[in-house]
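One letter stands for each residue in the lines below.
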Amino acid sequence: LVPPPYQLLRMPTQVAALSHEKVALGRIPQRAVVQDTVVLRNTCDQAVEFQWEASHPLLESGVVRIEPLSGRIAPQSFEAVKIVVEGSCAPCIVEQQIAVLVKLAAVAQPKRNNRSRLESRLEASKSRNAASEASHRSIVSRPTKSRDANLASTVLPGGRQPHLPVPA
């Protein structure tokens, strides 16, 4: 029996799938460079991170290059991975597996502070009030039409003119 070149059934807990389970490049002449593309598809609703086995002897010797070696894939998205084989080594048969680790990406939890909900709401209220006070001038210290009419009709002893106190 020959296994199929791609995965036929998806496991329920599987987070990603490769477009080819096996890359068969055939015979490669010496000093030739051959490449193939494999698609790593994220099949879940969360972002995943992948990491190819960088310590594999074929990768360390430079016979095989995988680009990119690691990365992050958005939910229901994919990454095209280029596999390059350079025939710059002694003639050999390459029937080895290079592993790829795929895991769910860590979700950053928002930092919580040690303040109570009441304290944070009071602080937010104070900052809103400070912002509105800067743009809002109180009616107590500013002249209004009604106040101007009242001051104009008022007569003080000694012929003095009434006025509002000057803010400090």
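Residues numbered from 1 in each chain as written. Predicted model: local features only at pLDDT ≥ 70, side-chain atom pairs only at ≥ 80, totals over all residues. Heavy atoms only, no water.

## Points about the side chain of asparagine 42
Along the chain, asparagine 42 turns up in strand 2 (residues 33-42). A polar side-chain atom of asparagine 42 sits 3.3 Å from the main-chain carbonyl oxygen of isoleucine 73. A polar side-chain atom of asparagine 42 sits 3.0 Å from the main-chain carbonyl oxygen of alanine 74. Those residues in contact with asparagine 42 that lie beyond four places of it in its chain are Val15, Ala16, Ala47, Val48, Ile73, Ala74, Pro75, Gln76 and Ser77. (Helix = DSSP H or I, 4+ residues; strand = E, 2+ residues; numbered from the N terminus. Polar contact = N/O pair within 3.5 Å; in protein donor to acceptor, adjacent residues only side chain to side chain. Contact = heavy atoms within 4.5 Å.)

## Overview of the environment of isoleucine 28
Within the secondary structure layout, isoleucine 28 lies in the loop between strand 1 (16-18) and strand 2. Sequence separation between isoleucine 28 and glutamate 86 is 58 residues, and the spatial gap between their C-alpha atoms is 8.5 Å. Aside from chain neighbours lying at most four places away, what touches isoleucine 28 is Val34 and Val85.

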